[in-house]
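# Structural overview for review
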Amino acid sequence: MDNAAIVSRGEKYVMRTYGRYPMALVRGEGARVWDADGKEYLDFVSGLAVNSLGHCHPRVVEAIREQAGRLIHCSNLYWIEPQVELARLLVENSALDKVFFCNSGAEANEAAIKLARKYAKEHRGPESYEIITMRRSFHGRTLATLTATGQEKFHHGFAPLPPGFRYVPFNDLSSLRAAVGPRTCAVMLEPVQGEGGVYAANKDYLQAVRALCDDEGLLLIFDEVQCGLGRTGYLFAYQYYEVEPDILTLAKALAGGVPIGAMLAKERAASAFAPGDHASTFGGNPLATAAGVAAFKALLQEGLVENARVLGQYFYQQLEGLVREFPQLIEVRGRGLLLGVEIDGPAGEVVAACQERGLLINSLHGHVLRFLPPLIVTREDIDRAVTILKEALHEVLGQGQK
């Protein structure tokens, strides 16, 4: 089927919870994808930061094939060898001690919320359940995680929302300090807010948040679902900030495209969970964790974290050049290969113009262009993307100024 046929059938049978472009991607390799009409695109969306190794990385493909022929699923009633191996890799390469596996970032954040509440009830008292999160944050689509999300547009239509969350401005320590009370059990934030518009935390701010949590006996939760696993030019985003969280959530890039989520915790927090406190039927199943082992080893062994740091800086500089040229572009934000450009103009039209020319990017809130290239991206790929973006900006915004 071509694009038109797939779109027509999809409109008939698939629930409309997404605003989709009128195209179907059917094949991918490295940093490129092809639609059902055979058109090639340079992919700087990367499955919304899932395909950090590019599409169909050979190590991940082989791991999936091998595991699918051996054991796809059993149950967490039994030990699962690739699950244990992935947990070992995560713990030995991070500052956390134990891992819980699930299927998505939202589930990882749900697990973090439950663990924080259970820990607090044991260590701070039965009325300690409230989690402070940040304005512009995004933590998921379940009832608890969308309530944790500090963007009211995600809340509309779903009341009553679960109690137990307060919101404060990001990078504002005084507001956070004022929000802490006897019911507070944790602070939860993204070191780099991806969905919120690509805003990075200040280093001194995160270090002060860590000190505040220590002083108040609160757990510190970092949501690295989008910004973790090499995306910022560090294996984990917290490493740049020199701040260790008590709980860390991961998903997206963890298994090279296979659905998975993980909640990591320091031993003192992890010990609050006992058998039966939390579970996930498919969480950590053999297929997903075998893919995760292959993907994580590729991340460690193929120089991709360093590539994200070096080429992220190069890409940032190229985008800054466009900001200087086009007065409608306001600023470049982000870290590593998680970058955004705020635009005083129709971001959606720029995305469409890029797509027409063979570059996939996306927009946020109608005024931010977001770039999530795979960590295997080359300098040539970035140069090609910037050339296309510049052409698209000329089309939508005019000639610009030098």
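Reading the values: rules and limits
Numbering of residues starts from 1 in each chain and follows the order in which that chain's sequence is written. Residue-level local features of this predicted model are given only where pLDDT is at least 70; pairs of side-chain atoms are given and counted only at 80 or more, and the full residue set underlies all totals for whole chains, interfaces and linings. Side-chain measures here rest on the full set of heavy atoms in the structure, leaving out hydrogens and waters. Secondary structure follows DSSP: runs of H or I at least 4 residues long count as helices, runs of E at least 2 residues long count as strands, and numbering of each begins at the N terminus. In this scheme, a residue with accessible area under 20% of its type's maximum is buried, one over 50% is exposed, and one in between is partly exposed, where area comes from a 1.4 Å probe on protein chains only. The pairing criterion for strands is at least two bridges between them, as found by DSSP. Axis definition: a line fitted to C-alpha atoms, limited for helices to the stretch in contact. Angles are taken between N-to-C directions and run from 0 to 180 degrees. UniProt positions are given in the numbering used here, feature names are shortened, and annotations may be inferred rather than shown by experiment. In what follows, residue pairs with any heavy atoms lying within 4.5 Å of each other are defined as contacts. Within 3.5 Å is the distance limit for a polar contact, defined as a pair of N or O atoms, with the added protein rule that one can donate a hydrogen and the other accept it, and that residues adjacent in sequence qualify only through two side-chain atoms.

### Notes on unusual backbone geometry
Here the bond from A159 into P160 is cis, since omega is 0°, no more than 30 degrees from zero. Relative to the helices and strands, P160 resides in the loop between α6 (143–148) and β6 (165–168). For R136, which is not glycine, the phi torsion reads 75° and is therefore positive. Along the polypeptide, R136 turns up in the loop between β5 (130–134) and α6. Overall, R136 belongs to the partly exposed group, its relative accessible area being 30%.

### Re the sheet that holds strand β14 (residues 338–343)
Ordered by their spatial adjacency, four strands build an open sheet running β13-β14-β17-β16, and the pairing between neighbours is antiparallel. Looking at which strands have only one partner, the edges of the open sheet turn out to be β13 (329–335) and β16 (362–364). If you compare each strand with its neighbour and ignore which way they point, the axes differ by 25° on average. Pairing of β14 with strand β17 (residues 368–371), which is carried by four bridges, proceeds in the antiparallel orientation. If you follow L339 over to β17, its bridge partner there is F371.

### Describing the UniProt feature "binding site: N(2)-acetyl-L-ornithine" (unreviewed entry) in the chain
Those places that UniProt annotates as "binding site: N(2)-acetyl-L-ornithine" (unreviewed entry) correspond, in this numbering, to R141 and S280. Positionally, R141 belongs in the loop between β5 and α6. The class for R141 is exposed, based on a relative accessible area of 60%. Each residue touching R141, except ones within four places of it in the same chain, is listed here: A106, L146 and F154. Looking at the element boundaries, S280 is found in the loop between α10 (267–270) and α11 (286–301). Apart from residues no more than four positions distant in its own chain, S280 is found in contact with N76, F100, F101, C102, N103 and E107. One polar contact links S280 to N103, side chain to side chain, over a distance of 3.1 Å.

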